[in-house]
Amino acid sequence: MIHSLFLINSSGDIFLEKHWKSVVSRSVCDYFFEAQERATEAENVPPVIPTPHHYLLSVYRHKIFFVAVIQTEVPPLFVIEFLHRVVDTFQDYFGVCSEPVIKDNVVVVYEVLEEMLDNGFPLATESNILKELIKPPTILRTVVNTITGRPGGDKEFLKTDWVTPRGSGAVSPLLLERVFSCVYERSTNVGDQLPTGQLSVVPWRRTGVKYTNNEAYFDVIEEIDAIIDKSGSTITAEIQGVIDACVKLTGMPDLTLSFMNPRLLDDVSFHPCVRFKRWESERILSFIPPDGNFRLLSYHVSAQNLVAIPVYVKHSISFRDSSALGRFEITVGPKQTMGKTIEGVLVSSQMPKGVLNMSLTPSQGTHTFDPVTKMLSWDVGKINPQKLPSLKGTMSLQAGAPKPDENPTVNLQFKIQQLAISGLKVNRLDMYGEKYKPFKGIKYMTKAGKFQVRT
Amino acid sequence: MLESNKDSAKLDAMKRIVGMIAKGRNASELFPAVVKNVASKNIEIKKLVYVYLVRYAEEQQDLALLSISTFQRALKDPNQLIRASALRVLSSIRVPIIVPIMMLAIKDASADLSPYVRKNAAHAIQKLYSLDPEQKEMLIEVIEKLLKDKSTLVAGSVVMAFEEVCPERIDLIHKNYRKLCNLLVDVEEWGQVVIIHMLTRYARTQFVSPWKEDGGAEDSEKNFYESDDEQREGTERRKKPYAMDPDHRLLIRNTKPLLQSRNAAVVMAVAQLYWHISPKSEAGVISKSLVRLLRSNREVQYIVLQNIATMSIQRKGMFEPYLKSFYVRSTDPTMIKTLKLEILTNLANEANVSTLLREFQTYVRSQDKQFAAATIQTVGRCASSISEVSDSCLSGLVCLLSSRDEVVVAESVVVIKKLLQMRPAQHGEIIKHMAKLLDSITVPVARASILWLIGENCERVPKIAPDVLRKMAKSFTSEDDLVKLQILNLGAKLYLTNSKQTKLLTQYILNLGKYDQNYDIRDRTRFIRQLIVPNEKSGALSKYAKKIFLAQKPAPLLESPFKDRDHFQLGTLSHTLNTKAAGYLELSNWPEVAPDPSVRNVEVVELTKEWTPAGKAKKENPAKKFYSESEEEEDSSDSSSESESESGSESEEEADSSEDSSASSPNEQEGESASESEGRSKRTAKKSWKTRAKSDSEDEEKENEKSKSSDSSSAESSSAEGSSSDAESESESDSGPDSRKVTKEKEGRPKQARSTLPKDVSLLDLDDFNSVSTPVALPTPVLSPSLRADLEGLNLSTTSSVINVSSPVFVPMKTHVLLHRMSGKGLAAHYFFPRQPCIFGAKMVSVQITLNNTTDQKIENIHVGEKKLPAGMQMHAFSPVDSLEPEGSVTVSMGIDFCDSTQTASFQLCTKDDCFSVNIQPPVGELLLPVAMSEKDFKKEQGMLTGMNETSALIVATPQDFTPSVILQKVVNVANVGAVPSGQDHLHS
């Protein structure tokens, strides 16, 4: 299966390598660099590159290429999915996944990778289990390490270990106590017991979880993917949603979540904790949740339902053949928002090569134009229905160049709080198996996914 | 620092070394210093030393040996994590000398109590195999053993090892096939991928094709299948001449929920499984899930789109509803765009082509010119495949000729050329237009295409053609090779059709060509000259020159590059690359005749879903563990009889007989292979029995102790004898009671004092079986009601499948406590199994509950509250009891469908004021139902059973109790079976 892993940064340096079988020389990456050169853009590097003796499968995230070297037939998605999982794990451990962070935590990274794969086959990929095996670095541990004079502490402490893992951002006294006790007891970053999760049928949950405040938060987040054509009519639009949860409950709670209108959900994919049979028969989500943040469910709202498009874009962009100037005007306005305000609106557009510069005046927000990448972006903010935001001005074009064939497409981002555009509603959340009363919270949000307007 | 006494200094040093390794710097000279620390007490240092060792041991083999003894010690460590990591490192330090040590370690570890260690053992197998392939035979034995493992943790890894070491030994899978199918959902996601791929291969060799008949009339049959499956999943489509093997169906059904996995690799694996082995009408379910994957990262999209592209060529219908999901966004990377385009083209048909073309118009204007060019090709393909739109496509493409972008124009020219060639109608105008383009266009392919077109159609454009030739002659030397060749061709063609005007020009060109630097062009020149310019030497051929040059040329076929990728298994690396990757395992074609399905029957069903950590469950409740071994599984479809009780019992292994009899039955086609597999299965049966016996022996001993006392007293006289076991009984009838001792010895089980008889049919001879001469129409105790229903579904023949439920021979009055009066605040409840067919539903087992009020107040409104049933189980609650007087009691009955498993049914018993959680767990024996049927029917049913549903238990009796009646009594006491009248007086066991 997976032979080796190379981490390559955007300037083409291999800054980490790890081998699970015999060592593969890093020269194998030359094939990758070749492909990278050919592709010009990082996005276009093919994920699968055959070389005479190996196959290179790569993913590109956070400006880092994760290149896996394999030698024999293996489902490519298997490797790709695993690499993504590696990135997610790093993110979970260090808060961000970037070159300096990985370099600074190289030992932890190495230990984690060692646990994730054995002989190239995934061994433990649940972050809950990994965290029991290898403790993520925290400020506190570094502090403790420094105080107790443990090695490595001082150095790392001074450098970057200020990064905390997600979720422990607010340091509660309880957490403090826990971390201290745990550090004193073990005085090591490595767990010496097999995590119980590894053996149980609920590998995603640790045993012996304790909280003083028991809380369960669910965020229903829907994204609208749409392509709107020139005239403003919708070419395609669909809603993809996820329910992200942050569950901090003591013990082994068994939760059920039901919807007012489960029929809306056309296609769903679950976290492994969700009992599929229960969903099939009753359309109820029943699960023993992992501890902390996780994605409970992602769904797709059936295409039959007409999607309400909450914004419209009025545009007039024109290039003239002869003159070196073009006109540019864009107005954004709300439509079908069910009375909610649209926030965080960001308009961006990739202008044609021939555009040299733009002089624009927005009625609100700020805009930037990068003359090198030809990327125009306009941070609008909130839309006030009384006074629609607009961006007007002229473009200076390269003299003599023919007018571009196509007007640029406009990409839109926005957020609407407290609204699930599909109309999905959570009915109730119940907990079994534990005695206490948890605090429950549900939040809805609609966002633009891949929202494009052709002009 | 490594020499330091302080752990902290060592740790710091190790961290630096690991840092060096990570950066790829050589740290091998530190080897001696590092290896000393392998025995460090500090676990973190140890881990880092391991990391180092694994990296450098291969280079420093001699020194690495120093560390081996530490690992050997660690392999015996009580901490499973340490055992596992020692094995992991030991097997990772590729030093050939230690192969025997590794082998031993793997063998030990494969029998380890911890599934985690066993999982590591499975990984170690692959490592050892790559180090020393000569160990294959031994390793296969270990794999075989581990394949039997019932832990979900091990399954994925061992299948991986199987795929790597011995993918050709498909016979090892037979026995484990059903177990794997059933475990699949609970296996960790990576294991799922591997197992699904392996099972796909397996299915292709073991089942007949489900495609044959629904290939043609797919649409018309679609509805039929769908409704069919929904209504009664699990039962077969029996009205059809083709019946899917239940195991085949099992696989398809059990993988379906995995389409909902969050792991793209799992979804893809299931998709390819459906694509390759399910009936065509059912493969449609995968499209939705695949389309969902398109939302994830670009790499996942890339692979998924490739696979969809391949699928969409063969079965357009599958993805048509999702057409719009493949619309291209300007932000997609180019490779994704082109793949989407490919799929859109594949999906194009008369109905949607106009929408698509409109969409394509947008793409053509894209700033990404490479993509625009690809779109033009796509338009060409649409035009060629859908004749209705070819004219409008053509005119659209001609418009593009006036585009300013050269790439676009060039691509259009090439595509137009192909289209015109396909439809040799009058397109003079277009050709003229293109001829004009020659002045401006510089892309060689386009120029060559135009020249070729003019040459082909030179008679249609008589005025322009010579003029073009003149221009080309002028620029000949500066043209690209491709263009030069076409100029030569054009010259030759014009020379033949219009020699008056072009003779000199052609000769000029030929002369230029003669001295060209490119040998192809020189060759071509020489060839053409000989052919068209008449001289003495050129004889016969030049007469046909015109025919040679101006022959009708076959039109090119515009095809998808994904056309022939489907010979690679979808979702594989080979498919992605379209070349065979190392280690690719071909998917075989469906066999003409299905190999013997009975090889998958299993004698001892050892499936346990460990809902509770196994160790704990064992301690708490040995009895429970004991039982759960034998069941759980039966939802598949089922086998024959069984018995057992809480107190102890005896074993009857009927499932075996189904195997044996099928092997000997006349309709068995492959007698030889069957008997071969038979032998094998026996061996494995024996083994597995022993393993089980070993692991359970402790429990059993406890059991037996308990049962000894209780059992001997429970003897009651009763009618004849029988029970399902007569097959066995006959076979050893002459030996009578003694035989049990013989068997015991054979079995080699160390139970001397006790007269326990573990009966294992696998020890019986085939011949013995054939001699069975049971009377016709024996009431055979088989199957609980729901099993029977399954059987009905399985019955393919028209003969009566009516099953006569015979009345229970004996109803034990033993009651079980449901709710103790202390915990029930005065309400007590007992339940027992009346062994009556349940009135609430055929699949249900009836349970009678007696409620007592031990308080001095009325208890009101007793009813069943919330039910917590395992999946699939159903319960018909009793009607609420309005009030119960003090000291009063009332009996109510309810029905529970246990799904043929001994899973506990938990529910709440509520009164007006309180709720009490209670459980009912049925002994296996209560799930059965005596049924009368003819021997013939029985055999037939038996043959259709898929095994897996056999249970066993031990009945302990004192030697003097060996009278038939006593034994019968014991049997019926524990299981709801009927008595079979038998001619033989002797009952074996």
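Quick look at the structure, then. (Residues numbered from 1 in each chain as written. Chains lettered and ligands numbered in written order. Predicted model: local features only at pLDDT ≥ 70, side-chain atom pairs only at ≥ 80, totals over all residues. Heavy atoms only, no water.)

### Some details on the overall build of chain A
Then, in step 1: Scanning chain A for helices and strands turns up ten helices and 23 strands.
Then, in step 2: The buried share among the 455 residues of chain A stands at 56%.
Then, in step 3: A sequence separation of at least 24 residues applies to 70% of the contacts in chain A between residues at least 6 apart.
Then, in step 4: When the accessible area of chain A is evaluated, it comes to approximately 18800 Å², of which 53% is carbon and sulfur surface. (Helix = DSSP H or I, 4+ residues; strand = E, 2+ residues; numbered from the N terminus. Buried < 20%, exposed > 50% of the residue type's maximum accessible area, 1.4 Å probe, protein only. Contact = heavy atoms within 4.5 Å. Areas by Shrake-Rupley, 256 points an atom, 1.4 Å probe, with all protein chains shown as cover.)

### Some remarks on the packing of helix α26 (residues 464–475) of chain B against helix α28 (residues 499–514) of chain B
Residues and elements named next belong to chain B.
Then, in step 1: Taken N-terminus to C-terminus, the directions of α26 and α28 make an angle of 30 degrees; their axes are 10 Å apart at the nearest point. Here α26 lies roughly parallel to α28, going by the angle between them. Crossing of α26 against α28: the hand is left-handed. In contact with Pro-466, Leu-469, Arg-470 and Ala-473 of α26, α28 contributes Gln-501, Thr-502, Leu-505, Thr-506, Tyr-508, Ile-509 and Leu-512.
Then, in step 2: Looking at the contact of α26 with α28 residue by residue, the class counts come to seven nonpolar, three polar and one charged. (Axes fitted to C-alpha atoms, helices over the stretch in contact; angles between N-to-C directions. Parallel < 35°, antiparallel > 145°, perpendicular 65-115°, else oblique. Left-handed = near helix turned anticlockwise from the far one by under 90°. Nonpolar A, V, L, I, M, F, W, Y, C, P; charged D, E, K, R; others polar.)

### Section: the interface of chain A and chain B
Then, in step 1: Taken together, the contacts link 101 residues of chain A with 96 residues of chain B.
Then, in step 2: Taken together, the two surfaces of chain A and chain B that pack against each other cover about 8700 Å², and 56% of this comes from carbon and sulfur.
Then, in step 3: Taken together, the connections running from chain A to chain B amount to nine salt bridges.
Then, in step 4: The partner of Lys127(B) in a salt bridge is Asp118(A), and the shortest N-O contact between them spans 2.8 Å.
Then, in step 5: Where chain A touches chain B, the interface holds 35 residue pairs in polar contact (both at pLDDT 80 or more).
Then, in step 6: Among the elements that make up the side of chain A that touches chain B, the one with the highest residue count is helix α2 (residues 76–94) of chain A (eight residues).
Then, in step 7: In terms of residue class, the side of chain A that touches chain B is made up of 50 nonpolar, 23 polar and 28 charged. (Buried area = accessible area lost by both parts, 1.4 Å probe. Salt bridge = Lys/Arg side-chain N within 4 Å of Asp/Glu carboxyl O. Polar contact = N/O pair within 3.5 Å; in protein donor to acceptor, adjacent residues only side chain to side chain.)

### As for helix α20 (residues 353–364) of chain B
Then, in step 1: Its twelve residues place the ends of α20(B) 16 Å apart at the C-alpha level, agreeing with the 16 Å of an ideal helix rising 1.5 Å per residue.
Then, in step 2: The inward-facing, buried residues of α20(B) contact β9 (234–248) of chain A together with α19 (334–347), α21 (369–385) and α22 (390–400) of chain B. (Expected span 1.5 Å × (residues − 1).)

### Re the pairing of strand β10 (residues 905–910) of chain B
A regular strand places its side chains on the two faces of the sheet in alternate fashion.
Residue and element names in this part refer to chain B.
Then, in step 1: Where β10 meets strand β11 (residues 915–920), six bridges bridge the pair, whose relative direction is antiparallel. Across the sheet, the residue bridging to Cys-910 is Cys-915, located in β11.
Then, in step 2: What sits between the antiparallel neighbours β10 and β11 is a turn of four residues. (Pairing = 2+ DSSP bridges.)

### Topic: the packing of helix α4 (residues 106–116) of chain A against helix α1 (residues 7–23) of chain B
Two packed helices can be described by the angle between their axes and the distance between those axes.
Then, in step 1: Viewed as axis vectors pointing N to C, α4(A) and α1(B) meet at an angle of 75 degrees, and their least axial separation amounts to 9 Å. Between α4(A) and α1(B), the angle falls in the class roughly perpendicular. For the pair α4(A) and α1(B), the contacting residues are Val106(A), Val107(A) and Tyr110(A) in the first and Lys15(B), Val18(B), Gly19(B), Ile21(B) and Ala22(B) in the second.
Then, in step 2: Its residues placed into classes, the contact of α4(A) with α1(B) shows six nonpolar, one polar and one charged.

### Details of the packing of aromatic side chains
All names here are of chain A.
Then, in step 1: This structure, assessed with the given rule, holds 22 aromatic pairs over all chains.
Then, in step 2: With a centroid separation of 6.2 Å and an interplanar angle of 70 degrees, the aromatic rings of Phe-32 and Phe-33 are classed as edge-to-face.
Then, in step 3: Residue Phe-32 is classed as buried on the basis of its relative accessible area of 0%.
Then, in step 4: The rings of Phe-32, Phe-33, Tyr-60 and Phe-65 are connected pair by pair, giving a single aromatic cluster.
Then, in step 5: Here the basic side chain of Lys-425 rests over the ring of Tyr-444, its NZ or CZ set 6.0 Å away from the ring centre. (Phe/Tyr/Trp six-rings, centres within 6.5 Å; stacked < 30°, edge-to-face > 60°. Lys NZ or Arg CZ within 6 Å of the ring centre and 35° of its normal.)

### As for the side chain of Glu99(A)
Residue and element names in this part refer to chain A.
Then, in step 1: Following the sequence through the fold, Glu-99 ends up in helix α3 (residues 99–104).
Then, in step 2: Among the polar contacts listed, one links the side chain of Glu-99 to the side chain of Asn-9, at a separation of 3.0 Å.
Then, in step 3: Setting aside chain neighbours within four positions, we find Glu-99 in contact with Asn-9, Phe-15 and Ile-64.

### Quick look at the sheet that holds strand β12 (residues 284–287) of chain A
Residue and element names in this part refer to chain A.
Then, in step 1: Read across the open sheet, the three strands follow the order β12-β10-β22; overall the sheet is antiparallel. Of all strands in the sheet, those bounded by a partner on one side alone are β12 and β22 (426–432). Direction aside, the axes of adjacent strands within the sheet are offset by 15 degrees on average.
Then, in step 2: Where strand β10 (residues 254–259) meets β22, six bridges bridge the pair, whose relative direction is antiparallel. Across the sheet, Phe-259 pairs through a bridge with Val-426, a residue of β22.

### Looking at helix α9 (residues 152–165) of chain B
Then, in step 1: Between its terminal C-alpha atoms α9(B) stretches 20 Å, which fits the 20 Å expected from 14 residues at 1.5 Å a residue.
Then, in step 2: The residue sitting at the N-terminus of α9(B) and contributing the capping side-chain oxygen is Ser151(B); that oxygen lies 3.1 Å from the backbone nitrogen of Leu153(B).

### Quick look at the pattern of salt bridges
Then, in step 1: Enumeration over the complete set of coordinates arrives at 39 salt bridges over all chains.
Then, in step 2: A salt bridge links Glu115(A) to Arg88(B); the nearest nitrogen and oxygen atoms lie 3.5 Å apart. You can see Glu115(A) sitting in helix α4 and its partner Arg88(B) sitting in helix α5 (residues 80–92), one on each of two chains.
Then, in step 3: The exposure class of Arg88(B) is buried, given its relative accessible area of 7%.
Then, in step 4: Arg298(B) serves as the salt-bridge partner of Glu299(B), at 3.1 Å between the closest nitrogen and oxygen. Both residues of the pair, Glu299(B) and Arg298(B), count as buried.
Then, in step 5: When salt bridges that share partners are traced, they join Glu81(A), Arg85(A), Glu126(A), Glu189(B) and Arg262(B) into one network.

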